[in-house]
Amino acid sequence: MSPEPAPTTARVPRTTGRWSEYTQLSRQIKQAGLLDRRRGWYLARIGLNLALLAGGWVAFAMLGASWWQLLIAVYLAVVFTQLAFIGHDAGHRQLFRSRRANDQVGLIHANLLVGVSFEWWVAKHNRHHTNPNHQDLDPDISITALAFTTDQATAKQGLVRLIGRHQAWLFFPLLLLEAAHLHLASTKAILRGSGRANTVEGLLLVAHVAGYVTALALVLSPLQALVFVVVHQGLFGLYLGCSFAPRQKGMPTLSDADQLDFLRRQVLTSRNVAGSRLVDWGWAG
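Keep in mind it's a predicted model, so treat the numbers as computed, not measured.

### Remarks on the overall build of the chain
Piece 1. Helix and strand counts for the chain come out as 13 helices and 0 strands.
Piece 2. Projecting the C-alpha coordinates of the chain onto the three principal axes gives extents of approximately 70 × 55 × 45 Å.
Piece 3. Partitioning the intrachain contacts of the chain with sequence separation of at least 6 by distance along the chain shows that 64% fall at a separation of at least 24.
Piece 4. When the accessible surface of the chain is totalled, it reaches about 17,100 Å², and 64% of it is carbon and sulfur.
Piece 5. Distance from the positive charge centre (27 side chains) to the negative charge centre (16 side chains) of the chain: 3 Å.

### A word on the packing of helix α8 (residues 167-175) against helix α11 (residues 222-248)
Piece 1. Axis separation between α8 and α11 bottoms out at 7 Å; the angle between their running directions is 125°. What the angle tells us is that α8 and α11 run oblique. Contacts between α8 and α11 involve F171, F172 and L175 on the former and, on the latter, G234, G237, L238, G241, C242 and A245.
Piece 2. Its residues placed into classes, the contact of α8 with α11 shows 6 nonpolar, 3 polar and no charged.

### A look at the packing of aromatic side chains
Piece 1. Per the counting criterion, the structure on display carries 9 aromatic pairs.
Piece 2. Between W57 and Y212, the ring centres sit 6.1 Å apart and the planes meet at 90°, which makes this aromatic pair edge-to-face. You can see W57 sitting in helix α2 (residues 39-63) and its partner Y212 sitting in helix α10 (residues 196-219), a full 155 residues away along the chain.
Piece 3. On the basis of relative accessibility, which here comes to 23%, the residue W57 falls in the partly exposed class.
Piece 4. A relative accessible area of 10% means that Y212 is categorised as buried.
Piece 5. Among the aromatic residues, ring-to-ring pairing joins W57, F60, Y212 and F228 into one connected group.
Piece 6. The cationic tip of R38 hangs over the ring face of W41; the distance from NZ or CZ to the ring centre is 4.4 Å.
Piece 7. Here K249 stacks its cationic end above the ring of F171, 5.0 Å away from the centre of that ring.

### Considerations on helix α9 (residues 178-192)
Piece 1. For α9, with 15 residues, the first-to-last C-alpha span of 21 Å sits near the 21 Å given by 1.5 Å per residue.
Piece 2. Within α9, burial applies to A179, L182, A185, S186, A189 and I190. Down the axis, α9 shows its buried residues gathered within 130° of arc, on one side only. Turned more than 90 degrees off the buried face of α9, the exposed positions are L191 and R192.

### What about a nonpolar patch on the surface?
Piece 1. On the surface, a cluster of nonpolar side chains totalling about 440 Å² of accessible area is made up of W67, L223, L226 and V230.
Piece 2. Mapped onto the elements, W67 comes out in the loop between α2 and α3 (69-91).

### Quick look at the nonpolar core
Piece 1. One finds F60, L95 and F228 to be the most contacted residues of the largest nonpolar core, which totals 39 residues.
Piece 2. Mapped onto this core, the elements with two or more residues apiece are α2, α3, α4 (99-114), α5 (118-130), α9, α10 and α11.
Piece 3. Among the elements that take part in this core, α3 stands out by supplying 9 residues, more than any other.
Piece 4. In contact with L95, other than residues within four places in its own chain, are R37, R39, Y42, I46, I86, D89, A90, N102 and V105.

### A word on the pattern of salt bridges
Piece 1. Summed over all chains, the structure comprises 5 salt bridges.
Piece 2. For E21, the salt bridge is made with R264, and the minimal N-O distance between the two is 2.9 Å. Of the two residues, E21 sits in helix α1 (residues 18-31) while R264 sits in helix α12 (residues 262-268), which places them 243 residues apart along the sequence.
Piece 3. Overall, the relative accessible area of 30% leaves E21 in the partly exposed class.
Piece 4. In this structure, D103 and R99 form a salt bridge, with 3.7 Å as the shortest nitrogen-oxygen distance. Linking D103 with R99, this pair stays in helix α4, spanning 4 residues, or about one helical turn.
Piece 5. Residue classification places D103 among the buried residues on the basis of a relative accessible area of 14%.
Piece 6. Accessibility expressed as a relative area gives 54% for R99, which makes it exposed.
Piece 7. Residues joined by salt bridges that share partners form a network here, namely E21, D261 and R264.

Conventions we followed
Residues numbered from 1 in each chain as written. Predicted model: local features only at pLDDT ≥ 70, side-chain atom pairs only at ≥ 80, totals over all residues. Heavy atoms only, no water. Helix = DSSP H or I, 4+ residues; strand = E, 2+ residues; numbered from the N terminus. Contact = heavy atoms within 4.5 Å. Areas by Shrake-Rupley, 256 points an atom, 1.4 Å probe, with all protein chains shown as cover. Lys, Arg positive; Asp, Glu negative; His and termini not counted. Charge placed at Lys NZ, Arg CZ, Asp CG, Glu CD. Axes fitted to C-alpha atoms, helices over the stretch in contact; angles between N-to-C directions. Parallel < 35°, antiparallel > 145°, perpendicular 65-115°, else oblique. Nonpolar A, V, L, I, M, F, W, Y, C, P; charged D, E, K, R; others polar. Phe/Tyr/Trp six-rings, centres within 6.5 Å; stacked < 30°, edge-to-face > 60°. Buried < 20%, exposed > 50% of the residue type's maximum accessible area, 1.4 Å probe, protein only. Lys NZ or Arg CZ within 6 Å of the ring centre and 35° of its normal. Expected span 1.5 Å × (residues − 1). Arc of directions from axis to C-beta. Patch = residues over 30% accessible without salt bridge, like charges linked within 9 Å, V, L, I, M, F, W, Y side chains within 5 Å. Salt bridge = Lys/Arg side-chain N within 4 Å of Asp/Glu carboxyl O. Core = buried A, V, L, I, M, F, W, Y, C linked by side-chain atoms within 4.5 Å.

Written as structure tokens, this is what we have:
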């Protein structure tokens, strides 16, 4: 491990122009060591997650055709979300310097272990971070069933408009469908794509589905398997949504009329969530 950097004591120079403000802040953050990679921490977390995943499936096999398997479904929903958090950080290139190493970890965690297309998700997530909470450019607030601005609400018609009118009460029930949405969108993205990378993603996704379905078919009755999938995937989506939504839900939304620089776009549209070590673990920091 590299020695901890000395705390930054130098004053940030007075600058002119908003780009200079961002440059100076970025330099200060890097000098403080806040962007140093923690390879050992990530390797330990990956190892723990894989052990928890293996333990869950071993318990699933040993328990057999029992309705107590629904407890395993709840447990695996938590483990799947923790695996997805590693895929998220790999998509941000946080784990290793090498893009290839980050991509390999991301593909294994997202496609093979969780069943979500890594490349599709990274592309969508990058668009979100480039223009967070922008009503036209952020895919995370361009959701058919929800409205984040008055313009979005008035543009909806029929059942979708009714859902939007009561979305405060329906938000959490709708999150139960988030995992199904991710699986479906991933499948569509892979079927539309081409090339070697897309083939690898497709094969990993097929391997995930084949292993998942085979395990359910060998151990559970058809009804038990169906209920297991509903509980597992529903809670997986709920946990994912509850971990990501608080960061920007309820914060200001932007449009083309808002001429903000990069720094202010990032800061003004997001919030910090402070808490205990348990909160940091549950929400991946």
